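Given next are the chains, with one letter for each unit.
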Amino acid sequence: MTRADLTIATPGTPLGALALIAAAIAAALLLHALAFWLMKRLIRRTRREDDDIVLCALQQPVRWLMVLLALGIVVEPLPLGDALERYWSVGSRMVLAAMVGWLAIAFTGALRQIVELRNDISVADNLQARRRRTRVAILHRITQFLIGFITLSMILIAIPGVRTIGVTLMASAGIAGLVLGAAAQPALKNLIAGIQMAFTEPIRIDDVVIVEGEWGRIEEIRLTYVVVRIWDDRRLVVPVSWFLEKPFQNWTRETSHLLGTVFFHVDPRADVGRIRRKIEEAAAANPRWDKRVAILQVTEHRAEALELRALLSARNAGDAFDLRCDVREAVMKFLRDEMPQALPRNRHLVGGADADRPIFLAQEEVMGTA
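Note that the coordinates shown come from a computational prediction; the quantities given were computed from them, not determined experimentally.

Conventions used here
Residues numbered from 1 in each chain as written. Predicted model: local features only at pLDDT ≥ 70, side-chain atom pairs only at ≥ 80, totals over all residues. Heavy atoms only, no water. Helix = DSSP H or I, 4+ residues; strand = E, 2+ residues; numbered from the N terminus. Buried < 20%, exposed > 50% of the residue type's maximum accessible area, 1.4 Å probe, protein only. Pairing = 2+ DSSP bridges. Axes fitted to C-alpha atoms, helices over the stretch in contact; angles between N-to-C directions. Core = buried A, V, L, I, M, F, W, Y, C linked by side-chain atoms within 4.5 Å. Contact = heavy atoms within 4.5 Å.

## Quick look at the environment of Ala 17
Within the secondary structure layout, Ala 17 lies in helix 2 (residues 14-43). With relative accessibility at 17%, the residue Ala 17 sits in the buried group. Spatially, the C-alpha atoms of Ala 17 and Val 74 are 9.0 Å apart, while their sequence positions differ by 57 residues.

Structure, rendered in structure tokens:
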């Protein structure tokens, strides 16, 4: 059938054209609903959630792409006139470029959700999960930027009056990058640092870090900045390039397991073995201890006191901090109630009747005789 035959068969009145357009839209919506209903019925038989995520993300952009396709099929043979036909040609290309960009962004977003679903960071050993989620989060934002840039260029190419701008924008991206780099060097620097961070991985999502003297967790990694959630729920916003140029502490770089330290100062005559057994008992009774390390060492000796250092292991930084507090409290209660003689005290030399036999008295004994 030729174009002329289609034109003759098409209703020539405006009302008939509108009815044909409405019928095409309704048919596209009905076909879309039927197709997605069938696909949902099929994926219900699988236990994986990946299909559901992808189907849900693509449902809206596919619907309007089908409507645009149906309009293109119906409108083409209609006698619209030169002006309307020109407007439709330009407008449909612009909308098509926007719809394709929307579809691509929705699909990449679905892929990111699938990766996050498969990599749970709430488990104890979450190093690999945090590594994958961090890399995907950064690459997803880079992909969104590139898709947006290409979509905008295609929209401009579809407009005859500014088509040269779109072509130039696509062809001279390198020159534009140099110009923008000279004008906005900090932003471009952080953008490149974000791409580098996606592969070098100095930090990951949920890493425990010390930044500018603040203890916190990496909450979000953007293209140009990183959000660190401080322990008291404040947010520290740090440029991405900062993590590539300055030293910082990453407590979970290789593993989330940590060693926590607790210091005690006791009297030099204290029974260290008894205190050691109490620390081991307190650690074993605490659910935050991961059963790797629980030791006590004498790290320093002074005239008035011994310095004892307890090393305790935990699954992560939060558990390590709470474990240190719990063991410290338990040991101090033990010393106060059962070993008061182990508490540190100050001693003074007092001359007795016999000069060859000096008497050492503790501070409380001196005060008691005063």
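Moving on from the coordinates now.
## Quick look at the sheet that holds strand 6 (residues 258-266)
What the 3 strands build is an open sheet, ordered 6-8-7; its pairing is antiparallel. Looking along the sheet, the strands with just one partner apiece sit at the ends: strand 6 and strand 7 (289-301). Strand-to-strand twist of the sheet, defined as the mean angle between neighbouring strand axes without regard to direction, takes the value 20°. Pairing of strand 7 with strand 8 (residues 306-314), which is carried by 8 bridges, proceeds in the antiparallel orientation. Residue Ala 294 lies in a different strand from strand 8, and its bridge partner there is Leu 312.

## Details of the nonpolar core
Of all hydrophobic cores here, the largest spans 28 residues; its most connected members are Ile 275, Ile 279, Leu 308, Leu 312 and Leu 335. Elements supplying a minimum of two residues to this core: strand 6, helix 10 (272-284), strand 7, strand 8 and helix 11 (317-337). Here this core gets 7 residues from one element, more than from any other, and that element is helix 11. Those residues in contact with Leu 312 that lie beyond four places of it in its chain are Leu 258, Leu 259, Gly 260, Val 262, Ile 279, Ala 283, Val 293, Ala 294, Leu 323 and Val 327. In terms of nonpolar packing, the next biggest core, distinct from the first, is built from 21 residues, Ile 203, Ile 205, Val 209 and Phe 243 among them.

The values are spatial; any link to function lies outside them.
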